[in-house]
Amino acid sequence: MASGSGPVSALWTEINRCGQNGDFTRALKAVNKILHENKDDVTALRCKIVCLIQNGGFKEALNVMNTHTKSLTSDLIGFEKAYCEYRLNRVEHALKTIQGIPEQTDKLKELYGQVLYRLERYDECLAVYKDMIRNSQDDYEEERKTNLSAVLAAQSTWESTSADLGLPENSYELCYNAACFLIGQGQLSQGMQKLQKAEELCRKSLAEDSDVTEEDVEAELAIIHSQMAYVMQLQGRTEDALQLYNQVIKLKPSDVGLLAVTANNIITINKDQNVFDSKKKVKLTSAEGVEHKLAKKQLQAIEINKALLAMYTNQADQCNKMLASLQTQNPEHPRPVLIKVAQLCREKQHNKAIELLQRFSDQHPESASGIKLTMAQLYLTQGHVTKACDILKSLEEIKYKPGMLSALVTMYTHEEDIDSAIDVFTQAIQYYQSEQPGAAIHLSLVREAANYKLKYGRKKEATSDLEQLWKQNTNDVHTLAQLISAYSLVDQDKAKALSKHLPSPDTMSFNVDVDELENSHGATYIRKKAAKVVGESQPKEPGPEDIKKKKKKKKGKLPKNYDPKSTPDPERWLPMRERSYYRGKKKGKRKEQVGRGTQGATSGGSAELDASKSASSPPTSPRPGSGTGTAASNAVPPRQQKPAAAGATRKKAPQKKKKGGKGGCNIQQF
């Protein structure tokens, strides 16, 4: 043992020197030499774990801890084990390790806050950072405030509940988190101003470092620019947002989470257009490690958009697989069900779509509002208006909203079900009578109900509504006039009694200019003013210039061979077949003109070939005793004859070429 003390001490000296210089690779070699001599040396094992963590070997460090559990207890290497598990994205294991450590140091609390943030337990994380800022005094206070502002921003974005703690904004990270907090609260203009301020602070802080290039600055600003584009997209400035998103994509930042979010937002702008670009952007949302960089709601939104893109590109099987996976992960979320319904509607399976919606609304009544609205829309597209009305009336939380009441009355009126429409008004008036009596919406509904009843001849029913309105404001002359008009057809005595409340004509000053009203643009009848009579004037006799000249009729043109002495044919207006002297076409005249010779022979040559018509035609057979017979003449057999040239044949006009190329089928080229 004494002989080895010299080399071991030298190794420890080298480990100490390498640790101060940051050369952990060389230090690890020295530690391994020590462990080769004594494999259970606790100090050497801890040094090896630290060297592996500094070099990024988290798995190897964790293996060393798990191998030497007896000598390396949780109070010795608890923080290192939890940190390795956190870096290996085993967040749940890291939380258990931290909770099992008896002594909670500052660095362990820092790690605990990070683990809670990754687990999206924002309330607990907020409490941890508040406690650390309150009870610690070191150089990391600004980093803790930055982390605290990030927790507030995440809570505002994903839970819509957060309180502004008034944190400073002296760095671009703090300013960026403050902007995200405002965006989560819906204050888009203020959020954009904060983002612009964060960009200025970032450029100013990076300009102080001479080693930072312009590309490094743009890479650092990528997340700020992506958030700016998101605000533009929410404001409806999609063209500006798309341009800024594409600039971020072209930079190819190392943060796969930023790339995935940016690509997803581009897909949402494209929707069912520019599908080819969306398919390329989808690959960025599926990069390795994305699931560890984004929140659960972000990942869920990306998967939903993938399913929508598959539906738009007619990939039904892939869309259904994605939707099944989403429903398994989050069965109470209505969005996958709505996409499935849209897919069924594209396949013309409306009945299945309605059954699916009904089943989901029965299983998850908390999400029934949106689902039932979709069911009503499907019923309307199929023409089942009454069923759609029944669905809408079952939505208790929104059935008395003005928009819903208007929709119900319109649909019942379309179906000519006036009684049901009036019943909708009656129930709504009773509801507001008990909840908000005398409120503006209550009186407005009463007036609309009265007008509707008067329009469809329900005068008797309208009187009660009009009386209620008039009692609210007895100075309302218009309502009183409507009430008297309604009672005049129902109860004339009541109408006479109410007419006493009308103001006298003397008290009403209308200040109406009748002439201006009659001469206005919208008047249907304008009274012509009589001309002023200056003196009696005799009507003038029409002079020769006042007599209109009659236009001379032009004579029709006559044919060239017209004979005025001959009487025209009285049947000239009838078709030739219907005239009395028509005898039909004569047949057989053109028989001789039909060629009967070889192909191409004409009628002119047929007479020459007829031997019976020629006087000096030789006998058809040789005379007896003449041997083989003499040559009859220079007659040419019919098969060898050439057709005689036609005398006055007209040349054919050269045929025009048809457009579209030469003969054959035209092939479309892509």
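Residues numbered from 1 in each chain as written. Predicted model: local features only at pLDDT ≥ 70, side-chain atom pairs only at ≥ 80, totals over all residues. Heavy atoms only, no water.

Peer 1: Sorry, what's going on with the side chain of Asn270 here?
Peer 2: For Asn270, the location among the structural elements is in helix α14 (residues 256–270). The buried category is assigned to Asn270, whose relative accessible area is 8%. In this structure, Asn270 is in contact with Asp277 and Ser278, ignoring residues within four places of it in sequence. (Helix = DSSP H or I, 4+ residues; strand = E, 2+ residues; numbered from the N terminus. Buried < 20%, exposed > 50% of the residue type's maximum accessible area, 1.4 Å probe, protein only. Contact = heavy atoms within 4.5 Å.)

Peer 1: Would you mind going over helix α15 (residues 275–285) with me for this structure?
Peer 2: Each α-helix winds once per 3.6 residues, and so residues spaced three or four apart point in a common direction. Those residues of α15 lying buried are Asp277, Ser278, Lys281, Val282 and Thr285. Along the axis of α15, the buried positions cluster into a sector of 145 degrees, meaning they face one direction only. Of the exposed residues in α15, those oriented more than 90 degrees away from the buried face are Phe276 and Lys283. On the buried face of α15, the contacting elements are α13 (238–251), α14 and α16 (296–312). (Arc of directions from axis to C-beta.)

Peer 1: Is there a simple way to explain unusual backbone geometry in this structure?
Peer 2: Note: most peptide bonds trans; most residues except glycine with negative phi. Phi is positive for Asn274, which is not a glycine, with a value near 50 degrees. By the secondary structure assignment, Asn274 is in the loop between α14 and α15. With a phi angle near 60 degrees, Glu416 is a residue other than glycine that sits in the positive phi range. Looking at where Glu416 falls in the secondary structure, it is placed in the loop between α22 (402–414) and α23 (418–435).

Peer 1: Mind showing me how you'd approach the UniProt feature "repeat: TPR" (unreviewed entry) in the chain here?
Peer 2: UniProt feature "repeat: TPR" (unreviewed entry): in the numbering of this structure it lies at residues 222–255. Taken end to end, residues 222–255 comprises 79% helix and 0% strand; its first and last C-alpha atoms sit 10 Å apart. (UniProt positions renumbered as here; feature names shortened; annotations may be inferred.)

Peer 1: What's the story with the packing of α13 against α14 in this structure? I'm lost.
Peer 2: The description of two packed helices rests on the angle between their axes and on the distance between the axes. In the contact formed by α13 and α14, the axes pass within 10 Å of each other and the chain directions differ by 150 degrees. Every pair of crossing elements has a handedness; the one defined by α13 and α14 is left-handed. For the pair formed by α13 and α14, the contact residues are Thr238, Ala241, Leu242, Tyr245, Asn246, Val248 and Ile249 on the first element and Leu258, Leu259, Thr262, Ala263, Asn265, Ile266 and Ile269 on the second. (Axes fitted to C-alpha atoms, helices over the stretch in contact; angles between N-to-C directions. Left-handed = near helix turned anticlockwise from the far one by under 90°.)

Peer 1: Mind showing me how you'd approach the packing of helix α7 (residues 106–118) against helix α8 (residues 122–135) here?
Peer 2: At a minimum axis distance of 8 Å, the contact between α7 and α8 shows a crossing angle of 155 degrees. In terms of their interaxial angle, α7 and α8 are classed as roughly antiparallel. In the crossing of α7 with α8, the sense of the turn from one axis to the other is left-handed. Contact residues: α7 offers Asp106, Lys109, Glu110, Tyr112, Gly113, Gln114, Leu116 and Tyr117, while α8 offers Tyr122, Glu124, Cys125, Val128, Tyr129, Asp131 and Met132. When its residues are assigned to classes, the contact of α7 with α8 shows eight nonpolar, two polar and five charged. (Parallel < 35°, antiparallel > 145°, perpendicular 65-115°, else oblique. Nonpolar A, V, L, I, M, F, W, Y, C, P; charged D, E, K, R; others polar.)

Peer 1: I would appreciate a short explanation of a negative patch on the surface in the present structure.
Peer 2: Negative charge collects at one region of the surface, where Asp139, Glu142, Glu143, Glu173, Glu215, Asp216 and Glu220 lie side by side. Broken down by secondary-structure element, the contributors of at least two residues to the negative patch are α9 (141–158) and α12 (214–234). A per-element tally of the negative patch places α12 first, with three residues. (Patch = residues over 30% accessible without salt bridge, like charges linked within 9 Å, V, L, I, M, F, W, Y side chains within 5 Å. Areas by Shrake-Rupley, 256 points an atom, 1.4 Å probe, with all protein chains shown as cover. Salt bridge = Lys/Arg side-chain N within 4 Å of Asp/Glu carboxyl O. Lys, Arg positive; Asp, Glu negative; His and termini not counted. Charge placed at Lys NZ, Arg CZ, Asp CG, Glu CD.)

Peer 1: Help me understand the environment of Gln196, please; the structure alone is not making it clear to me.
Peer 2: Positionally, Gln196 belongs in helix α11 (residues 188–207). Sequence separation between Gln196 and Met228 is 32 residues; the distance between their C-alpha atoms is 8.4 Å.

Peer 1: Help me understand the side chain of Thr413, please; the structure alone is not making it clear to me.
Peer 2: Considering the arrangement of structural elements, one finds Thr413 in helix α22. A polar contact is formed between the side chain of Thr413 and the side chain of Tyr452, at a distance of 2.7 Å. Not counting the four nearest positions on each side in its chain, Thr413 is found in contact with Ala421, Tyr452 and Tyr456. (Polar contact = N/O pair within 3.5 Å; in protein donor to acceptor, adjacent residues only side chain to side chain.)

Peer 1: What exactly am I supposed to notice about the nonpolar core here?
Peer 2: In this structure, Val341, Leu357, Leu378, Leu392, Leu408, Leu445 and Tyr452 are the most contacted members of the largest nonpolar core, which totals 40 residues. Mapped by element, the contributors of at least two residues to this core are α18 (335–346), α19 (350–363), α20 (368–381), α21 (385–393), α22, α23 and α24 (440–455). Examining the composition of this core, we find that eight residues originate from one element, α23, more than from any other. Excluding residues within four positions of it along the chain, Leu392 makes contact with Leu373, Ala376, Lys399, Met404, Leu408 and Met411. Counting 27 residues, the second-largest nonpolar core is a separate cluster that includes Cys175, Cys180, Ala229 and Leu259. (Core = buried A, V, L, I, M, F, W, Y, C linked by side-chain atoms within 4.5 Å.)

Peer 1: Explain the pattern of salt bridges here, please?
Peer 2: Oppositely charged side chains are able to pair whenever their charged atoms sit close together. Following the criterion strictly, the structure yields 15 salt bridges and no others. Two residues, Arg144 and Glu110, come together in a salt bridge whose shortest N-O distance is 2.5 Å. Pair noted here: Arg144 is in helix α9 and Glu110 is in helix α7, with a separation of 34 residues, a long-range link. Among the ionic pairs, Glu169 bridges to Lys197, the shortest N-O distance being 3.7 Å. Of the two residues, Glu169 is situated in the loop between α9 and α10 (172–184) and Lys197 in helix α11; the sequence distance between them amounts to 28 residues. Here Glu169 falls in the partly exposed class, since its relative accessible area comes to 23%. Lys197 gets classed as partly exposed once you look at its relative accessible area, which sits at 37%.

Peer 1: Explain the environment of Ile34 here, please?
Peer 2: Structurally, Ile34 is set in helix α2 (residues 24–37). Taking the C-alpha atoms as reference points, Ile34 and Ala44, ten residues apart in sequence, are found 6.9 Å from one another. Discounting residues that sit within four places of it in the chain, Ile34 has contacts with Leu11, Trp12, Ile15, Asp41 and Ala44.

Peer 1: Please explain the confidence of the model for the chain as it appears in this structure.
Peer 2: Close inspection of predicted coordinates is inappropriate for parts of the model with low pLDDT. Of the residues in the chain, 78% have a pLDDT of 70 or more, and the chain-wide mean is 80. Note on residues 613–636: pLDDT is under 50 here. Beyond four places in sequence and across chains, it has four contacts. Below pLDDT 50 for its whole length, residues 645–670 participates in one contact with residues either more than four positions away or in separate chains. (pLDDT = per-residue confidence, 0-100.)

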